[in-house]
Amino acid sequence: MTGADHPDHYPASPGLVVYGTGWCPDVRRSRAVLDAAGVTYHYVDLDRDRAATRLVRRLQHGRRRVPTLLWPDGTFLVEPTDEDLRTHLDQREAESSTGDR
C-alpha cells in the first residue's frame, strides 16, 4: 500500500507527512531531527484531524502511536529513535542518489 492509496493522505503534500500531537515530546524530537537535516515535511496534528487519526490507526493496526512519519511511497516509521530516523533518512538519500527508488 502506498501513501497515494490512503484516502486520508494529503496529496497536496507529495513529500513526507509527520503525524503527531503538540503535547508529545517524541514528536518534537523527531521534528527537530528533520528540521536539522533540512527535510521538508507536512505536519498533521492528530488531536485536530480525525481523518488523519483513522489513517494512523489503519497503519498501526488500531493503535495511535506518535510520531508516525509517512513517505509518499507508503513506507513509514512509528516512534523512531533519533538514530533510527537519521538512518532511514540516510538510506533514502543513498537510494535516491543511486536511482534505486
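Here, every reference points to the structure presented above.
Reading guide: rules and limits
- Residues numbered from 1 in each chain as written.
- Predicted model: local features only at pLDDT ≥ 70, side-chain atom pairs only at ≥ 80, totals over all residues.
- Heavy atoms only, no water.
- Helix = DSSP H or I, 4+ residues; strand = E, 2+ residues; numbered from the N terminus.
- Buried < 20%, exposed > 50% of the residue type's maximum accessible area, 1.4 Å probe, protein only.
- Contact = heavy atoms within 4.5 Å.
- Areas by Shrake-Rupley, 256 points an atom, 1.4 Å probe, with all protein chains shown as cover.
- Phe/Tyr/Trp six-rings, centres within 6.5 Å; stacked < 30°, edge-to-face > 60°.
- Lys NZ or Arg CZ within 6 Å of the ring centre and 35° of its normal.
- Arc of directions from axis to C-beta.
- Polar contact = N/O pair within 3.5 Å; in protein donor to acceptor, adjacent residues only side chain to side chain.
- Pairing = 2+ DSSP bridges.
- Axes fitted to C-alpha atoms, helices over the stretch in contact; angles between N-to-C directions.
- 1 Å grid on protein atoms, 1.4 Å probe; cavity = no way out; pocket = protein on both sides within 12 Å on 5 of 7 lines; lining within 4 Å.
- Points joined across faces, edges and corners; volume = space filled by probe spheres on them.
- Nonpolar A, V, L, I, M, F, W, Y, C, P; charged D, E, K, R; others polar.

Engineer: Could you give an account of the overall build of the protein, with specific residues and numbers?
Structural biologist: Across its full length, the protein holds 3 helices and 4 strands. When the helices and strands of the protein are placed in sequence order, the string is β-α-β-α-β-β-α. When the 101 residues of the protein are sorted by exposure, 40% land in the buried category. Relative to all contacts within the protein whose residues are 6 or more apart in sequence, the contacts with residues 24 or more apart total 55%. For the protein, the exposed surface amounts to about 5,900 Å²; the carbon and sulfur share of it is 50%.

Engineer: I'd like a rundown of the packing of aromatic side chains, residues and numbers included.
Structural biologist: Scanning the entire structure with this criterion turns up 0 aromatic pairs. Geometry around Y43 places R31 over its ring, the cationic atom sitting 3.9 Å from the centre.

Engineer: If you had to explain helix α2 (residues 50-59) to someone new, which residues and values would you point to?
Structural biologist: Where α2 is concerned, the buried positions are A52, T53, L55, V56 and L59. One side of α2 carries all its buried residues, which in axial view fall inside an arc of 160°. Turning to α2, the residues buried within the fold contact β1 (16-20), β2 (41-45), β3 (68-70) and β4 (76-78). Two to three positions downstream of the cap, the backbone nitrogen of A51 sits 3.2 Å from a side-chain oxygen, assigning the N-cap of α2 to D49. Just downstream of α2, H61 is the residue with a positive phi angle, here 55°.

Engineer: Can you break down the side chain of H88 residue by residue, with the values?
Structural biologist: Tracing the backbone shows H88 in helix α3 (residues 82-98). Apart from the residues within four sequence positions on either side, H88 is in contact with W71, T75 and L77.

Engineer: Describe the sheet that holds β1, and please don't skip the residues or the numbers.
Structural biologist: Pairing is mixed in the open sheet, where 4 strands are placed in the order β2-β1-β3-β4. Each of the sheet's edge strands pairs with one partner strand only, and the pair in question is β2 and β4. The sheet shows a mean angle of 15° between the axes of neighbouring strands, taken without regard to direction. For β1 and β3, the ladder comprises 3 bridges, and the chain directions are antiparallel.

Engineer: Requested: an account of the layout of surface pockets, with residues and values cited.
Structural biologist: If you add up the space inside the largest pocket, you get close to 260 Å³. In terms of lining, the largest pocket is formed by 14 residues, of which the most central are V39, W71, L89, R92 and E93. In terms of residues, the lining of the largest pocket owes the most to one element, α3, which gives 5 residues. Considered class by class, the residues forming the lining of the largest pocket number 7 nonpolar, 3 polar and 4 charged.

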